[in-house]
Amino acid sequence: MDLLFFGIAKDIVGTSQLDMFFGEDSPNSVAELKQALKKRYPEFSKLTSLAIAVNSEYASDDVQLKANDEVAIIPPVSGG
């Protein structure tokens, strides 16, 4: 699964892109991916919200994931 990180998510992980391998614990849905990220990178738990895009389309928590998906992790954005 190819993960792309933006904003503070990139700072938490330390890179803008990862080919993440979860092994047998591979997340099957967006909700499971969020939990896996929080487990691997506890700083994600501090974010108030987290948008996920799967193959360039925003995805709800129930969207099913496949091994070859491109998943973008988009943290909340503040502006002024």
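Quantities reported herein were computed from a predicted structural model and do not represent experimental measurements.

Engineer: Would you mind showing me how to read the overall build of the protein here?
Structural biologist: Secondary structure assignment for the protein yields 2 helices and 5 strands. What you see in the protein, going N to C, is helices and strands ordered as β-α-β-α-β-β-β. Considering only C-alpha atoms, the protein reaches an extent of 40 × 25 × 20 Å along its principal axes. In the protein, which comprises 80 residues, the share counted as buried stands at 38%. Considering only contacts within the protein whose residues lie at least 6 apart along the sequence, 52% involve residues at least 24 apart. With 7 positive and 12 negative side-chain charges, the protein shows a spacing of 7 Å between the two charge centroids.

Engineer: Got a minute to help me understand the sheet that holds strand β5 (residues 70–74) in this structure?
Structural biologist: Pairing between the strands of a sheet is mediated by backbone hydrogen bonds and can be parallel or antiparallel. The mixed open sheet is built from 5 strands, whose spatial order is β2-β1-β5-β3-β4. The sheet is open, and its two borders are formed by β2 (17–19) and β4 (57–59), each paired with just one other strand. With strand direction ignored, the average angle separating the axes of adjacent strands in the sheet is 30°. Relative to β5, strand β1 (residues 2–5) runs parallel, the two being bridged by 4 bridges. Paired with Phe5 across the strands is Ile73, a residue of β5.

Engineer: Explain the packing of aromatic side chains here, please?
Structural biologist: By convention here, two paired aromatic rings are described through the distance between centres and the angle between planes. Under the definition given, this model contains 2 aromatic pairs. For the ring pair Phe5 and Phe44, a centre distance of 6.5 Å and an interplane angle of 35° mean the geometry is tilted. Residue Phe5 is found in strand β1, and its partner Phe44 is found in the loop between α2 (30–40) and β3 (51–54); the two are separated by 39 residues along the sequence. Plain terms: the ring middles of Tyr41 and Phe44 are 6.2 Å apart, the flat faces sit at 75° to each other, and that makes the pair edge-to-face. Here the two residues Tyr41 and Phe44 agree in accessibility, since each one is buried.

Rules behind the numbers
- Residues numbered from 1 in each chain as written.
- Predicted model: local features only at pLDDT ≥ 70, side-chain atom pairs only at ≥ 80, totals over all residues.
- Heavy atoms only, no water.
- Helix = DSSP H or I, 4+ residues; strand = E, 2+ residues; numbered from the N terminus.
- Buried < 20%, exposed > 50% of the residue type's maximum accessible area, 1.4 Å probe, protein only.
- Contact = heavy atoms within 4.5 Å.
- Lys, Arg positive; Asp, Glu negative; His and termini not counted.
- Charge placed at Lys NZ, Arg CZ, Asp CG, Glu CD.
- Pairing = 2+ DSSP bridges.
- Axes fitted to C-alpha atoms, helices over the stretch in contact; angles between N-to-C directions.
- Phe/Tyr/Trp six-rings, centres within 6.5 Å; stacked < 30°, edge-to-face > 60°.

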